[in-house]
Amino acid sequence: MLDLLITNTTDGVDIGIADGRIVPPDETARKVLDAEGGLVTRGLVDCHTHLVFAGDRSHEWEQRLAGGSYEEIARAGGGIRSTVAATRAATEDELLTSAAARATQLMLKGVTTVEIKSGYGLDLETELRMLRVARRLPEIMPIDVVTTYLGAHTIPPEFEGDPDGYIDLVCGEVLPRVAEEGLADAVDGFCESIAFTGDQINRVFTTASALGLRVKLHADQLSDGGGAALAAKHHALSADHLEHVSPDGIAAMAAAGTVAVLLPGAAYVLREEATPPIDALRAAGIPIAIATDCNPGTSPLLSPFVAMHLACTRFGLTVNEAIAGMTTNAARALGLPPDQADLVIWDVKTPVELIYWIGTDHAHTVIRKGVPR
């Protein structure tokens, strides 16, 4: 017997749910849910965020409006380092309160799973604290969280001029603790001229793999640094950003089955002219996911609808590609099961309505693991 049967969807297709999985609707059900003619999609998955942080960087946005570049602000002591200082000073409860407020905004807009990265601590205790906060969120609210250790985000001030020394700390001390305590589902890094080289990220990923952790990478955002190919070499779940990815990087991703995660909010805020090579990604058969990249510096975005709208208008995705990018392909970018019964009934009749209205919340009923919330 089915646990739940969803009927009267906009396309007339009934949906069955049993034991938290989507199944054929060919049995009687304990409960029937009338979709009232609404569109039904899988639950939205925000597969790249930095929700746990402290502090504010709105002044940096003003600096960029005045002509300052992301690299210039970072090299002058702003950027990620300013958030690191604020996050190190925050307590676990303070971080939990602010992260929960952000996660609530996503949850109310139909997000059933969110990925949360660390990377604003850059020392052992703060990184562990951030990951513990992310793990606590599902205990206080109905949302699933996938955690990612992003120790190789930028060089902390105490390792200024010694990036290899910091990578020694990441690989020799922090990563083993993260794995031992089961705090991360994956490991990420930032491969750029203002962050870490390919050789340094390669060390991090080799260590992560030895500890049984999957990897993903901030790749080729500001320049073609070979990040996509490096991610593919380690069979990464995803390579993210990709505004400057090369043909060789695309070929490597396709061969490795690595998902392309596009972050149009960051490109919009940074006013980047370059856009990911969508046609080449399509031609290579690479699954394309979309995420908000919610963070305090380059993508203060808490709307999956705006992320999808920008992916269509600025990057050139179709409506169906955008919805797949925030559902099935985003789930794939996190290694999630494809049949998990996370669904949303929307107060719209067609997919285009979901994205056309910029930032509008159309969620009627959210179903998480087969249970309406």
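Criteria and cut-off values
- Residues numbered from 1 in each chain as written.
- Predicted model: local features only at pLDDT ≥ 70, side-chain atom pairs only at ≥ 80, totals over all residues.
- Heavy atoms only, no water.
- Helix = DSSP H or I, 4+ residues; strand = E, 2+ residues; numbered from the N terminus.
- Rg over C-alpha atoms; globule rule 2.2 N^0.38 Å.
- Buried < 20%, exposed > 50% of the residue type's maximum accessible area, 1.4 Å probe, protein only.
- Contact = heavy atoms within 4.5 Å.
- Lys, Arg positive; Asp, Glu negative; His and termini not counted.
- Charge placed at Lys NZ, Arg CZ, Asp CG, Glu CD.
- Core = buried A, V, L, I, M, F, W, Y, C linked by side-chain atoms within 4.5 Å.
- Expected span 1.5 Å × (residues − 1).
- Bend = angle between axes of the 7 residues up to and from the residue.
- Pairing = 2+ DSSP bridges.
- Polar contact = N/O pair within 3.5 Å; in protein donor to acceptor, adjacent residues only side chain to side chain.
- Axes fitted to C-alpha atoms, helices over the stretch in contact; angles between N-to-C directions.
- Parallel < 35°, antiparallel > 145°, perpendicular 65-115°, else oblique.
- Left-handed = near helix turned anticlockwise from the far one by under 90°.
- Nonpolar A, V, L, I, M, F, W, Y, C, P; charged D, E, K, R; others polar.
- Arc of directions from axis to C-beta.

Student: Mind laying out the overall build of the chain, listing which residues take part and the relevant values?
Tutor: Per the secondary structure count, the chain includes 15 helices and 16 strands. Computed over its C-alpha atoms, the radius of gyration of the chain comes to 20 Å, within 12% of the 21 Å expected for a compact globule of 373 residues. In terms of overall dimensions, the chain has C-alpha extents of about 65 × 40 × 40 Å along its principal axes. The 373 residues of the chain split such that 57% are buried. Sequence separation of 24 or more characterises 73% of the internal contacts of the chain that already satisfy a separation of 6 or more. The positive charge centre, built from 29 side chains, and the negative charge centre, built from 50, are 2 Å apart in the chain.

Student: Quick one: what's the story with the nonpolar core, residue by residue and with numbers?
Tutor: By size, the foremost hydrophobic cluster in this structure holds 97 residues, and its most contacted members are L137, Y149 and V204. Excluding residues that lie within four positions of it along the chain, V204 makes contacts with A152, I167, V170, C171, L175 and V187. Judged by nonpolar contacts, the second largest core, of 12 residues, contains V261, A289, A333 and L334.

Student: Which residues make up helix α6 (residues 163-180), and what values go with them?
Tutor: In an α-helix, one turn spans 3.6 residues, which is why side chains three or four residues apart end up on the same side. With 18 residues, α6 extends 24 Å between its outermost C-alpha atoms, agreeing within 8% with the 26 Å of an ideal straight helix rising 1.5 Å per residue. Where α6 bends most, at V174, the angle is about 40°, and the proline P176 comes one to four residues later. Lining the buried residues of α6 we find α5 (124-140), β8 (144-152), β9 (186-191) and α7 (198-210). Within two residues after α6, G182 carries a phi angle of roughly 65°, on the positive side.

Student: Explain the sheet that holds strand β14 (residues 343-346) to me, using residue names and the numbers behind them.
Tutor: Strands sit in the order β5-β14-β15-β16 across an open sheet of 4 strands; the sheet is antiparallel. Of all the strands in the sheet, just β5 (39-42) and β16 (371-372) have a single pairing partner and so form its edges. Bridge analysis of strand β15 (residues 363-368) against β16 gives 2 bridges, and the strand direction is antiparallel. Along β16, the bridge assignment pairs R368 with V371.

Student: Just give me the short version of the side chain of T49, but keep the residues and values in it.
Tutor: By the element assignment, T49 lies in the loop between β6 (44-46) and α1 (58-65). In this structure the side chain of T49 is engaged in a polar contact, spanning 2.5 Å, whose partner is the backbone oxygen of E115.

Student: Please provide a residue-by-residue account of the packing of α5 against α6, values included.
Tutor: Running from N to C, α5 and α6 cross one another at 25°; their axes reach a closest spacing of 10 Å. Here α5 is positioned roughly parallel relative to α6, judged by the angle of their axes. Judged by the sense of rotation from one axis to the other, the crossing of α5 with α6 is right-handed. Residues L124, L128, L131 and R132 of α5 form the contact with α6, whose participating residues are E173, V174, R177 and V178. Across the contact of α5 with α6, the residue classes break down as 5 nonpolar, no polar and 3 charged.

Student: Can you explain helix α9 (residues 247-256)? Please cite residues and give values.
Tutor: Where α9 is concerned, the buried positions are G249, I250 and M253. Taken end-on, α9 shows its buried residues confined to a sector of 100°, consistent with a single buried face. Opposite the buried face of α9, at more than 90 degrees from it, the exposed residues are P247, D248 and A255. Along its buried surface, α9 packs onto α8 (227-233), β11 (238-241), β12 (259-262) and α11 (278-283). Downstream of α9 by one or two residues, G257 has phi in the positive range, about 75°.

Student: Go over the sheet that holds β11, please, and point to the residues and values.
Tutor: Ordered by their spatial adjacency, 8 strands build an open sheet running β6-β7-β8-β9-β10-β11-β12-β13, and the pairing between neighbours is parallel. A single partner strand is all that each edge strand has here, and the edge strands are β6 and β13 (288-290). When strand polarity is set aside, the average angle formed by the axes of neighbouring strands in this sheet is 25°. The pairing of strand β10 (residues 214-219) with β11 spans 4 bridges and is parallel. The residue of β11 that forms the bridge with L217 is A239. The sheet strands contacting α7 are β8, β9 and β10, and the helix crosses β9 at an angle near 175°.

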